[in-house]
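Per-entry structural report
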Amino acid sequence: MDRGTPIPAETQLLAEHLGPGRGRPALDIGSGEGTLARHLHHSLGHRTTGIDCSPSAIALAAAQDTGPGPCPAWRCMDITADDPGSLPDPAYAVVTCRLVYRWIADQPAFVDRVRRLLAPGGIWVVAEIAGRREDTSPLQHLGITAAQAETLTAGWSVVRTADLDVLRCYTLRP
């Protein structure tokens, strides 16, 4: 499974939780090659920005935008260090973060930053490895810990989780 390609159950969950985008702004953090950002943009109808700290990932994402019509905006940006004022929108109806949260060094600060980026009524969707593997599997500890999940989910008015194959998806609302 690559970092940015949603599995079918995940695309269904996104459609159910997000509904039609109607041009509302969406931000995909850690967009990689841009598959999830393009899904939000073209399939769900959001006006999407994909950000990644890797210049080569952003270049690859932009190079895949060959179709007619508007495409997602792409920014090379470290969401934990760069000024969010450089983003095209001051607030987002949707923020997604797929297989990125576990790598963030200061997770409480990251959660606060994303909370400030959400528009009123916005939703944050986080997908991480669920850790449901055999105890002997070398991949057993790839998921986030219970403490990291608590940091992620504390202080939100609505928290929903869904287990999709090896992923656990969190949908969070302020």
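In this report, the structure presented in the accompanying data block is examined. Worth saying up front: this structure is predicted, and the values here are computed from it rather than measured. (Residues numbered from 1 in each chain as written. Predicted model: local features only at pLDDT ≥ 70, side-chain atom pairs only at ≥ 80, totals over all residues. Heavy atoms only, no water.)

What follows concerns the nonpolar core. Counting residues in each nonpolar core, the largest one holds 25 residues, and the members touching the most others are Phe110, Trp124 and Leu152. Looking at this core, the elements with two or more residues in it are β1 (25-29), β4 (92-98), α4 (107-117), β5 (118-129), α5 (146-153) and β7 (167-173). The greatest single-element share of this core, amounting to four residues, is contributed by α4. Excluding its chain neighbours within four sequence positions, the residues that come into contact with leucine 152 are Tyr101, Val111, Trp124, Val126, Ile144, Tyr170 and Leu172. Leu14, Leu18, Ala93 and Val125 belong to the second largest nonpolar core, which has 10 residues in total. (Core = buried A, V, L, I, M, F, W, Y, C linked by side-chain atoms within 4.5 Å. Buried < 20%, exposed > 50% of the residue type's maximum accessible area, 1.4 Å probe, protein only. Helix = DSSP H or I, 4+ residues; strand = E, 2+ residues; numbered from the N terminus. Contact = heavy atoms within 4.5 Å.)

Before going further, it helps to examine the sheet that holds β1. Within the open sheet, the seven strands sit side by side as β3-β2-β1-β4-β5-β7-β6. Their pairing is mixed. Of all the strands in the sheet, the pair left with one neighbour each is β3 (73-76) and β6 (158-164). Geometrically, the sheet is characterised by an average inter-axis angle of 15° between neighbouring strands, direction not taken into account. Examined bridge by bridge, β6 and β7 share seven bridges and lie antiparallel to one another. Looking at the pairing, alanine 162 lines up with cysteine 169 of β7. The strands touched by helix α2 (residues 35-43) within the sheet are β1, β2 (47-52), β3 and β4, with β2 carrying the most contacts at an inclination of about 170°. Running at roughly 25° to β7, α5 makes contact with β5, β6 and β7 of the sheet. (Pairing = 2+ DSSP bridges. Axes fitted to C-alpha atoms, helices over the stretch in contact; angles between N-to-C directions.)

Most of β5 sits out of view: 10 of its 12 residues are buried. Bridging between β4 and β5 involves six bridges; their strand directions are parallel. Looking at the pairing, tyrosine 92 lines up with leucine 118 of β5. As for the winding sense of the linkage, the β-α-β connection from β4 through α4 to β5 is right-handed. With six bridges joining them, β5 and β7 adopt antiparallel strand pairing. Bridged to valine 126 within β7 is tyrosine 170. (Right-handed = clockwise from strand over helix to strand, strands pointing away.)

Turning to the pattern of salt bridges, a few remarks are in order. Evaluation of the coordinates by the stated rule reveals five salt bridges. In this structure, arginine 102 engages glutamate 128 in a salt bridge whose closest nitrogen and oxygen atoms are separated by 3.3 Å. Here the residue arginine 102 occupies a position in the loop between β4 and α4, and glutamate 128 occupies one in strand β5, the gap between them amounting to 26 residues. Grouping residues by exposure puts arginine 102 and glutamate 128 together as buried. For aspartate 163, the salt bridge goes to arginine 168, with nearest N and O atoms at 2.6 Å. Residue aspartate 163 is classed as partly exposed on the basis of its relative accessible area of 44%. (Salt bridge = Lys/Arg side-chain N within 4 Å of Asp/Glu carboxyl O.)

Here we take up the side chain of aspartate 52. Positionally, aspartate 52 belongs in strand β2. Assessed through its relative accessible area of 4%, aspartate 52 is described here as buried. In this structure the side chain of aspartate 52 is engaged in a polar contact, spanning 3.5 Å, whose partner is the backbone nitrogen of serine 31. A polar side-chain atom of aspartate 52 sits 2.9 Å from the main-chain amide nitrogen of serine 54. (Polar contact = N/O pair within 3.5 Å; in protein donor to acceptor, adjacent residues only side chain to side chain.)

All right, on to the side chain of histidine 39 then. Note that histidine 39 resides in helix α2. Residue histidine 39 is classed as buried on the basis of its relative accessible area of 16%. Apart from residues no more than four positions distant in its own chain, histidine 39 is found in contact with Thr11, Leu14 and Leu44.

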